[in-house]
Amino acid sequence: MDKIKYQIVYWFFTHIFLRRMGKRYPELFQKWVFDATDNLFARQVMLMRYTGIEQEKFEAIAIKLKIDPRRVFRYHKNTVDALIS
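(A) Up close: the overall build of the chain. Across its full length, the chain holds 5 helices and 0 strands. Along the chain, helices (α) and strands (β) appear in the sequence α-α-α-α-α when read from the amino end. Over its C-alpha atoms the chain spans a radius of gyration of 12 Å, differing by no more than 12% from the 12 Å that the globule rule assigns to 85 residues. Seen along its three principal axes, the alpha-carbon backbone of the chain occupies a region of about 40 × 30 × 25 Å. Here the chain holds 85 residues, and the buried ones make up 33% of them. When the accessible surface of the chain is split by element, carbon and sulfur atoms take 59% of a total near 6,000 Å². For the chain, the centre of its 16 positive side-chain charges and the centre of its 9 negative side-chain charges are spaced 3 Å apart.

Have a look at this one:
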């Protein structure tokens, strides 16, 4: 049952909450992400994904940062996990 609750919260965070927060309050979102992680790549992934007029896709972020797309997914997941807990 806990896994289902986690998946629901994770989906809500990534599809609704973080997108709105990044668009409406980019300064607050940036501070929140910087408090959640010390990893520079993870910070860049979150900011590129959720702030700005047009939100980037994971593959585009991987190309811009010159890293593997799987690492982009991992950085994103670890940062969202840190924000949830």
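(B) Local environment of the environment of Tyr-50. Looking at the element boundaries, Tyr-50 is found in helix H3 (residues 40-50). C-alpha of Tyr-50 to C-alpha of Pro-26: the two residues are 24 residues apart in sequence and 8.6 Å apart in space. Separated by 2.7 Å, the side chains of Tyr-50 and His-76 make a polar contact.

Rules of the game
- Residues numbered from 1 in each chain as written.
- Predicted model: local features only at pLDDT ≥ 70, side-chain atom pairs only at ≥ 80, totals over all residues.
- Heavy atoms only, no water.
- Helix = DSSP H or I, 4+ residues; strand = E, 2+ residues; numbered from the N terminus.
- Rg over C-alpha atoms; globule rule 2.2 N^0.38 Å.
- Buried < 20%, exposed > 50% of the residue type's maximum accessible area, 1.4 Å probe, protein only.
- Areas by Shrake-Rupley, 256 points an atom, 1.4 Å probe, with all protein chains shown as cover.
- Lys, Arg positive; Asp, Glu negative; His and termini not counted.
- Charge placed at Lys NZ, Arg CZ, Asp CG, Glu CD.
- Polar contact = N/O pair within 3.5 Å; in protein donor to acceptor, adjacent residues only side chain to side chain.

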